[in-house]
Amino acid sequence: MGRARPTLLLAVGVLAAAVLYAALVPLLRPVDDALVDFSISRRPPSLEFPFGTDNAGRDVFGRVAQGMRISLLIAATTAVGSAVVGVLVGVSAGAFGGWWDRLAMRLVDAINSLPSLLLTLLIVAMYRGSVLAIVLALVLTHWTSIARVVRGEVLVLRHAEFVQAAQLRGLPRWRIVRRHFVPVALGQALIGVVLLIPHAIWHESTLSFLGVGLPPHRASLGTLLSDAQASILLGDWWLLLFPAGVLVLVTLAVSLLGRHWQRKVQALQEVAA
């Protein structure tokens, strides 16, 4: 615990700084993606432009903040949507069993058997540039892990003494589900939300990097990295370093927090058992 605490505090600090950066910088230092100024293009980092400028003379410091805001919004929406679908499917499959349980698990196996990036690419390519399409495609490929975990927890609870006692008292199944199964499912869902955010950030960035996500003129971490691949050959290293560095730092911080939370919840469940 002594070694884990500084790492945890560092992760919290990095994530808090990133959120403040994404929330405040676009307000204090807005960048109009449609405006260009070639007189200040391709400037390296300086006091005036901490992250330098791009080929069109736009402030990279402000564009990275705008890109992080969009990427975090898509990732958070994806994680919450995946958790909602996963809890609904997992709780219902574990609580009611029978043909619905078999159908739900076969659907989970079918989706997991497909390459998630390929499936997402196929969906987003039909609605290129749509944020809603990106979120729906990511939800479709990410809810299965939460559904499987929640179903497993519910199956264990079905054989618990207090649940069997409630059944013997004649309580309706929906009340048993609401009182005993849903609280456990929500705990797993919260862990899933935190752990899915880094995956969603990387998937969104990959889609935009490949040119099927957000349009090039709309800043996201993926589009900034896509723009940087040509500029890096010209020696404009800052165009790749800062978006990639922010992406790596944020995903590492969220992953560390998610793993810590997961261990805490597991420890509480072992004590309760």
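Predicted model only: the values in this text are computed from it and were never measured. (Residues numbered from 1 in each chain as written. Predicted model: local features only at pLDDT ≥ 70, side-chain atom pairs only at ≥ 80, totals over all residues. Heavy atoms only, no water.)

Draft legend 1. Molecular detail of the environment of Pro-26. On the secondary structure map, Pro-26 appears in helix α1 (residues 4–28). The spatial distance from the C-alpha of Pro-26 to the C-alpha of Arg-128 is 25 Å, given a sequence separation of 102 residues. Setting aside residues no more than four positions away along its own chain, Pro-26 makes contact with Tyr-21, Ala-65, Gln-66 and Arg-69. (Helix = DSSP H or I, 4+ residues; strand = E, 2+ residues; numbered from the N terminus. Contact = heavy atoms within 4.5 Å.)

Draft legend 2. Main features of the packing of helix α4 (residues 116–126) against helix α7 (residues 173–209). With their axes 11 Å apart at the nearest point, α4 and α7 run at an angle of 55° to one another. Of the possible angle classes, the one that applies to α4 and α7 is oblique. Handedness of the crossing formed by α4 with α7: right-handed. Each of Ser-116, Leu-117, Thr-120, Leu-121 and Val-124 in α4 lies in contact with α7, whose residues at this interface are His-203, Thr-206 and Leu-207. By residue class, the composition of the contact of α4 with α7 is four nonpolar, four polar and no charged. (Axes fitted to C-alpha atoms, helices over the stretch in contact; angles between N-to-C directions. Parallel < 35°, antiparallel > 145°, perpendicular 65-115°, else oblique. Left-handed = near helix turned anticlockwise from the far one by under 90°. Nonpolar A, V, L, I, M, F, W, Y, C, P; charged D, E, K, R; others polar.)

Draft legend 3. Quick look at the nonpolar core. Formed by 45 residues in total, the largest nonpolar core has its most connected members in Tyr-21, Val-64, Met-68, Val-91, Phe-181 and Val-250. Elements supplying a minimum of two residues to this core: α1, α2 (60–96), α5 (131–158), α7, α8 (221–231) and α9 (238–272). Each residue touching Phe-181, except ones within four places of it in the same chain, is listed here: Val-91, Ala-95, Val-154, Leu-157, Arg-158, Val-163 and Ile-176. Ile-123, Val-135, Ala-137 and Leu-214 belong to the second largest nonpolar core, which has 13 residues in total. (Core = buried A, V, L, I, M, F, W, Y, C linked by side-chain atoms within 4.5 Å. Buried < 20%, exposed > 50% of the residue type's maximum accessible area, 1.4 Å probe, protein only.)

Draft legend 4. Local environment of the pattern of salt bridges. A full pass over the atoms with the stated rule returns nine salt bridges. The closest approach of N and O atoms between Arg-42 and Asp-236, which form a salt bridge, is 2.9 Å. With a gap of 194 residues between them, Arg-42 in the loop between α1 and α2 and Asp-236 in the loop between α8 and α9 connect regions that are remote in the sequence. For Arg-42, a relative accessible area of 37% puts it in the partly exposed group. Of the charged contacts, one joins Asp-54 and Arg-58 as a salt bridge, the two residues approaching to 2.9 Å between their closest N and O atoms. For the pair Asp-54 and Arg-58, a shared accessibility class is recorded, and that class is buried. (Salt bridge = Lys/Arg side-chain N within 4 Å of Asp/Glu carboxyl O.)

Draft legend 5. Seen up close, the side chain of His-142. Mapped onto the fold, His-142 is located in helix α5. Overall, His-142 belongs to the buried group, its relative accessible area being 8%. Among the polar contacts made by the side chain of His-142, one reaches the side chain of Thr-141 at a distance of 3.0 Å. The contact partners of His-142, leaving out residues within four places of it in the chain, are Ser-82, Leu-196, His-199 and His-203. (Polar contact = N/O pair within 3.5 Å; in protein donor to acceptor, adjacent residues only side chain to side chain.)

Draft legend 6. Structural view of α4. If you check which residues of α4 are buried, you get Leu-119, Thr-120, Ile-123 and Val-124. Down the axis of α4, the buried side of the element spans an arc of 125°, and every buried residue falls inside it. α4 presents Leu-122 and Met-126 as exposed residues on the side facing more than 90 degrees away from its buried surface. The elements touched by buried residues of α4 are α5 and α7. (Arc of directions from axis to C-beta.)

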